[in-house]
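# Summary of the model geometry
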Amino acid sequence: MIYTVTLNPAIDKTIVLDSLNLGHVNRSLFSRDDIGGKGINVAKVIKKLGHNVVAMGFIGRENSNYVYKKLYEYGICCDFIEVDGETRTNIKIVEEREGRFTDINQLGFETDNFDLENLIKRIKSRVNSNDVVVLSGSLPKGLNVDTYKIMIEKLKEIGVKIILDAEGEALRKGIEAGPLLIKPNLNELKTIVNCGESLEDIKKAVSVIVDKGITTVVSMGEKGAILFNKDECFYSKPIKVDVKSTVGAGDSMVAAFAIGIHDNLPFEESFRLSIAASTAKVTKEGSQAPDRNEILKYLELVEIQRR
Ligand SMILES: Nc1ncnc2c1ncn2[C@@H]1O[C@H](COP(=O)(O)OP(=O)(O)OP(=O)(O)O)[C@@H](O)[C@H]1O
Ligand SMILES: O=P(O)(O)OC[C@@]1(O)O[C@H](CO)[C@@H](O)[C@@H]1O
């Protein structure tokens, strides 16, 4: 089974404008709401690809019914710990004229170590050594930066395979506990290592992480993505598509790796699926997940170069 853990989920409100006029009243062309948060987005794509997944983490009690309803529509099984307050709403602004995407992510509810202990117990009671657990997204208020590190250490006692998608100190500390794979985008990578933008610079910057045995996938938006592990390095350039929203593109990649690790696929194959999934994602409005057919359509167009 694949489990996703979202400590700070979100309702993504996408507002599409011609262009944003700062300091003035702006009128939207249209808007949409999607259930999101990184782990939940990963779960959506895993489900669309026909795999079973359980979405776990925290959820704000005040608007939990909305979140459960949306997850139910995706057919996703979930097991969240409810906490006081509401699940945050994140604003995603799409400016059609410029093709520019701006995110305003709120802090969200507050939680504490007691809730975290409960969540870890809940996850440990469900998982076994064949399972993959995806830990992703920001930490809610009240949790320490070593939260992912603690979670990884405890879950590794069971032998679970762990993917971590985070940034800053939470990522740096998490890496110390040795997840199997991380997927920072270039900006997220720069929050933990000094790094330029060429493939050689990135390779040098991630070598300390890769040497620990952690497969590192760096996504670079419209510049494609690169995968490093101890034995291999693959690069894929992006596929040209009409981009509607980039929100959740990285999460779609993570979904493909979760499936690949769960099914013991070679990393090259998982990487190919991750590029197809993220390409299909960016053609969709908001943070809605692409359908399986849309993902498979791009699979044959992915060009992987061995570096
Ligand atoms: N403009 C684009 N055109 C084509 N493909 C894109 C574009 N932007 C992103 N992608 C695809 O999505 C992948 C992930 O993109 P990106 O690096 O922006 O992820 P991310 O910042 O982690 O996303 P998120 O955090 O919203 O899930 C890229 O490697 C690429 O395959
Ligand atoms: O604030 P975080 O947790 O870093 O990111 C949250 C978020 O931007 O990530 C997803 C896209 O990856 C969105 O669904 C969501 O709004």
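You'll find the structure just up there.
Read on for a plain summary of the structure. Source: prediction; values computed, not measured.

It is worth spelling out the overall build of the protein at this point. Summing up its helical and strand segments, the protein has ten helices and 14 strands in all. For 307 residues, the compact-globule estimate of 2.2 N^0.38 gives 19 Å, and the C-alpha radius of gyration of the protein, at 18 Å, lies within 12% of that figure. On the principal axes, the C-alpha backbone points of the protein span a range of 50 × 45 × 35 Å. When burial is assessed residue by residue, the protein has 51% of its 307 residues classed as buried. At a minimum sequence separation of 6, the contacts of the protein that also span at least 24 residues come to 67%. Carbon and sulfur atoms make up 46% of the accessible area of the protein, which amounts to about 13700 Å² in all.

This brings us to the sheet that holds strand S3 (residues 30–36). What the four strands build is an open sheet, ordered S3-S2-S6-S7; its pairing is mixed. The open sheet terminates on both sides in strands that have one partner only, identified here as S3 and strand S7 (100–104). Pairwise comparison of adjacent strand axes, ignoring direction, gives a mean angle of 20° for this sheet.

As a further point, take the site of ligand 1. In the vicinity of ligand 1, 22 residues are found, and the nearest of them are Asn-185, Ser-219, Gly-221, Gly-248 and Gly-250. One nitrogen or oxygen atom from the main chain of Ala-249 is found 3.4 Å from an oxygen atom belonging to ligand 1. Gly-250 is positioned with one of its backbone polar atoms (N or O) 2.9 Å from an oxygen atom of ligand 1. In the complex, 87% of the free accessible area of ligand 1, which totals 640 Å², lies under the protein chains. Contributing elements (two or more residues each) for the shell around ligand 1: helix H8 (249–262) and helix H9 (267–282). Ranked by residue count, the leading element in the shell around ligand 1 is H8, at four residues. Its residues assigned to classes, the shell around ligand 1 shows ten nonpolar, eight polar and four charged.

Glancing now at the sheet that holds strand S14 (residues 304–306). Spatial strand order, S5-S4-S1-S8-S9-S10-S11-S12-S13-S14: ten strands in an open sheet with mixed pairing. Here the strands that pair on one side only, and so sit at the sheet edges, are strand S5 (77–83) and S14. Where strand S1 (residues 2–6) lies against strand S8 (residues 132–136), five bridges are found, and the strand directions are parallel. The residue of S8 that forms the bridge with Tyr-3 is Val-133. Here helix H3 (residues 113–126) sits on the sheet in contact with S1, strand S4 (53–60) and S5, set at roughly 165° to S4.

We now examine the nonpolar core. In terms of nonpolar packing, the biggest core is built from 48 residues, with Leu-135, Met-151, Leu-189, Ile-202, Val-218 and Ile-226 touching the most fellow members. Considering every element that reaches this core, the biggest residue donor is helix H7 (residues 199–210), with six residues. The contacts of Leu-189, once residues within four sequence positions are left out, are Pro-184, Cys-195, Ile-202, Val-206 and Val-218. Ile-35, Ile-59, Leu-181 and Ala-258 belong to the second-largest nonpolar core, a separate cluster that totals 44 residues.

Let us look at the pairing of S5. Relative to S5, S4 is paired through seven bridges, and the arrangement is parallel. Residue pairing in the sheet places Phe-58 in a bridge with Ile-81 of S5. With helix H2 (residues 64–74) bridging S4 and the parallel S5, this β-α-β connection has right-handed handedness.

Before going further, it helps to examine the environment of Asp-33. Along the polypeptide, Asp-33 turns up in strand S3. Along the primary structure Asp-33 and Pro-290 are separated by 257 residues, whereas in three dimensions their C-alpha atoms are 16 Å apart. Among all residues touching Asp-33, those that are not within four sequence positions of it are Ile-11, Asp-12, Lys-13 and Tyr-66. At 2.9 Å, the side chain of Asp-33 and the side chain of Lys-13 are in polar contact.

Quick notes on the rules
- Here the residue numbers are simple positions, counted from 1 along each chain's written sequence.
- Written order decides the labels, with chains lettered from A and ligands numbered from 1.
- For a predicted model such as this one, the threshold for reporting local features is a pLDDT of at least 70, and the threshold for listing and counting side-chain atom pairs is 80 or more; totals across whole chains, interfaces and linings nevertheless cover every residue.
- Processing note: side-chain calculations cover all non-hydrogen atoms of the structure and skip hydrogens and water entirely.
- Strands are runs of DSSP state E lasting at least 2 residues, helices are runs of H or I lasting at least 4, and numbering of each runs from the N terminus.
- Computation of the radius of gyration draws on C-alpha atoms alone. For the globule rule, the value is 2.2 Å times the number of residues to the power 0.38.
- Burial classification: accessible surface area is computed with a 1.4 Å probe over protein chains only, and a residue below 20% of its type maximum counts as buried, one above 50% as exposed, and the rest as partly exposed.
- Any two residues having at least one pair of non-hydrogen atoms within 4.5 Å are treated as being in contact.
- Residue exposure ignores everything except the shown protein chains as possible cover, and the areas themselves are Shrake-Rupley values with a 1.4 Å probe.
- Being paired, for any two strands, means DSSP has found at least two bridges between them.
- To define axes, lines are fitted to C-alpha atoms, for helices over the stretch in contact only, and angles between the resulting N-to-C directions are given on a 0 to 180 degree scale.
- Residue proximity to a molecule or strand is established when one non-hydrogen atom of the residue lies within 4 Å of it.
- In the analysis that follows, any N or O atom pair within 3.5 Å is treated as a polar contact, provided that within protein one partner can donate a hydrogen and the other can accept it, and provided that, for residues neighboring in sequence, both atoms belong to side chains.
- Gly falls in the polar group here, along with every residue not listed as nonpolar (Ala, Val, Leu, Ile, Met, Phe, Trp, Tyr, Cys, Pro) or charged (Asp, Glu, Lys, Arg).
- Here, nonpolar core refers to any group of buried Ala, Val, Leu, Ile, Met, Phe, Trp, Tyr and Cys residues whose side-chain atoms link them within 4.5 Å.
- By definition, the crossover connecting two strands over a helix is right-handed if that path, from the first strand to the second, turns clockwise as seen with the strands pointing away from the viewer.

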